[in-house]
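In case you want the letters, here they are:
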Amino acid sequence: MEAVKRDCFSFVQILKMYRLFLLLFTLFSALPPSFCRHHGPYSLRISCGARDDIHIPPKNTKWHKDIAYTGGINTNATLPSSISPTLTTLRYFPLSEGPENCYSIDKVPNGHYFVRVFLGLVKEPSFDNEPLFDVSIEGSLIYSLQSGWSNHDDERTFVEALLFLSDHSASLCFHSTGHGDPAVLAIEILQVDNKAYNYGPQFGRGTILRTGKRLSCGAKKPKFDADINGDHWGGNRFWNSFSSFGQHSDHAISTNNSIKQASNAPNSFPEALYQTAIVSTNQSDLSCTMDVDPNRNYSIWLHFAEIDPSIKSTGQRIFNVVINGNVAFKDVDIVNMTGDINSALVLNTTVAVVGRSLTITLHPTKGSHAIISGIEIFEVILAESKTMLDEVRALQVLKSALGLPRRLGWNGDPCVPQLHPWSGADCQFDEESSKWVIDGLELDNQGLRGRLPNDMSRLQHLQNINLSGNSIHGTIPSSLGAVTSLEVLDLSYNFLNGSIPESLGQLTSLRRLNLNGNSLHGRVPAALGGRLLHRASFNFTDNAGLCGIPGLPKCGSHLSVGAKIGIGLGACATFILLLICSTCWWKRRKNILRAQRIAAREAPYAKARTQSLRDVQMVRNHSGHTRTAAENGPPLLS
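To keep things clear, this report deals only with the structure shown in the data block. No experiment lies behind these values; they were computed from the predicted model shown. (Residues numbered from 1 in each chain as written. Predicted model: local features only at pLDDT ≥ 70, side-chain atom pairs only at ≥ 80, totals over all residues. Heavy atoms only, no water.)

### Digging into the state of the cysteines
And step 1. The full count for this structure, using the stated rule, is three disulfides.
And step 2. The side chain of Cys-415 participates in a disulfide bridge whose partner is Cys-427; the two sulfur atoms lie 2.1 Å from each other. Taking the sign of the S-S torsion, -85 degrees for the link of Cys-415 and Cys-427, the bridge is left-handed. One end of the pair, Cys-415, is in the loop between helix 5 (389–402) and strand 28 (425–430); the other, Cys-427, is in strand 28, with twelve residues separating them in the sequence.
And step 3. Linked covalently through their sulfurs, Cys-547 and Cys-555 form a disulfide whose S-S length is 1.8 Å. Disulfide Cys-547 to Cys-555: torsion about the S-S bond roughly 110 degrees, handedness right-handed.
And step 4. On the accessibility criterion, Cys-547 (11% relative accessible area) is buried.
And step 5. Unpaired in terms of disulfides, Cys-288 finds its nearest cysteine sulfur in Cys-217, a separation of 7.2 Å. (Disulfide = S-S within 2.5 Å. Helix = DSSP H or I, 4+ residues; strand = E, 2+ residues; numbered from the N terminus. Buried < 20%, exposed > 50% of the residue type's maximum accessible area, 1.4 Å probe, protein only.)

Written as structure tokens, this is what we have:
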């Protein structure tokens, strides 16, 4: 019997476990596939000017619409080259939108990114078909478009940079230079491995790599290899053809002997994972010369793979790599350095280029010829320090509160790039914080409306404020007294009202204060009057209600704010007390009058009863019976 009970108990337990398993299986089956999928690197592709998300064949690449990322105007696009994504719209920014226009993208994970901007042409003959403008990423100027960029099928049709993003956002700005309206076709933000393109001690320390040239050696046509998933080795990367490569003798390269196709070789460097085209030559040297900007530092990446079937072991092919006449790498033996044939090798160095050309030469020292797969040239750019975030936010609040017109821009970073600061905002570099700060606002006669926000006190480095000649109304915020560095405050010829805050008297550095042409009233703070003795210059004219210092009408008995509040409260209490007393008197008077009316009214019942008693007494007297007062009892009261 006990055995049967144990068997039944075991069966029940198994049944419960089975039901639990079915429940868990059902729950996991209901989860979306993305729940259990490993999330790869972050990638975002934006189709500028698109009203809806777009998918492009052959791999159904998704390009997001750009609504809410920026301003500007969307229109139809013309693709300048075969490298451009096959998108049909773009977004352009007329000068009426302001000289600085930006894409602000939030919720971007911190990390290492390729950021690429594709340029386009407006598909209307009335527009300048080749606008020239500057492009900045995260406040650093990346590229200035040169005339003729739309007539080339190479890197000039897009701008690419490799940088670290550290504030969970990305900012891409386009700055007008007076040569047409900036136009943007597409934007890509692709995360890469944090160690990719590590070029030395300065890697990731306030530096940016801008793509200057990318050559797929031996390829007959430019190649744009699309990696849709935005993997750790860089996502989409453009490789130019071998057309600029040649020998010192300037003879044309024989494609029969010089171009070989590489296998998909294993590789320990993520930068070299691509199908390799090998260029070799039987001549003594293999050389490539490229035009570059002078006085810049360039990070050079050379990609190799030994796929020549005649090479079986180390020591059969050795060569030197010479850059602008200096030996950068000596005795390069691909097999020896990789440990095997058909293995990729990447060599990197950084050189300072003084002139306008960069020449890379492969000089064989053993073997008949040199061999190379690809070349990447990046310009090393020092990232510009940004403006202090708290002050940027204060300016954004000011922009909204005063309704700054679009023509002023005020997009991106106020102080960088240094060639394109915000109009009306003066910047100064703060050595202590290594950030830019705002030390002046020059926004006079700009048609500003609205009220001055209290957030102006967050601009702690302001020395000069000029908002004269606008239509600003409301009161002067007392928080301005916290900007202790303020030297000049000009709010003249606006519609300000109320009194001058006492806190302005705390500005010991203030030497010029113009409040004329407003509707201010009340006593000027005594502390400001004392500043006149220190050669300060104040202008309070055209304010009919101001008084209290020389040059203004005398004030009457002056009461402090606390005294005014006390008087007001006392007056209210007195009024309430008088109201209560008046109510009580009125009620009492009403009751008295009511009592008098009742007393004056006839009482027929009482009168009739009195008459009846008199009749009874008369009858008794006539009957001859006489009683004493005790017998009769007390008389009735009427």
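Next, the rest of the story.
### A word on the packing of aromatic side chains
And step 1. Across all of its chains, the model carries 14 aromatic pairs by this definition.
And step 2. Ring centres of Phe-93 and Phe-174 lie 6.0 Å apart, and the angle between their planes is 20 degrees; this geometry places the pair in the stacked category. Linking Phe-93 in the loop between strand 5 (89–92) and strand 6 (100–106) with Phe-174 in strand 12 (residues 169–179), this pair joins segments that are 81 residues apart in sequence.
And step 3. A relative accessible area of 0% places Phe-93 in the buried class.
And step 4. Residues Phe-118 and Phe-158 carry aromatic rings whose centres are separated by 5.7 Å and whose planes lie at 40 degrees to one another, so their mutual orientation is tilted. Of this pair, Phe-118 sits in strand 7 (residues 111–119) while Phe-158 sits in strand 11 (residues 158–165); the two residues are 40 residues apart in sequence, bridging distant segments of the chain. The exposure classification of Phe-118 matches that of Phe-158, with both residues buried. (Phe/Tyr/Trp six-rings, centres within 6.5 Å; stacked < 30°, edge-to-face > 60°.)

### Quick look at the environment of Gln-202
And step 1. One can find Gln-202 in the loop between strand 13 (183–192) and strand 14 (207–216).
And step 2. The class for Gln-202 is partly exposed, based on a relative accessible area of 47%.
And step 3. Sequence separation between Gln-202 and Leu-382 is 180 residues, and the spatial gap between their C-alpha atoms is 9.8 Å.

### Some remarks on the pattern of salt bridges
And step 1. Enumeration over the complete set of coordinates arrives at 20 salt bridges.
And step 2. The residue Arg-296 makes a salt bridge to Glu-379 at a minimum N-O spacing of 2.7 Å. One end of the pair, Arg-296, is in strand 21 (residues 296–305); the other, Glu-379, is in strand 27 (residues 374–382), and 83 residues separate them in sequence.
And step 3. In this structure, a network of salt bridges that share partners links the residues Arg-45, Arg-116, Glu-160, Glu-188, Arg-214 and Glu-376. (Salt bridge = Lys/Arg side-chain N within 4 Å of Asp/Glu carboxyl O.)

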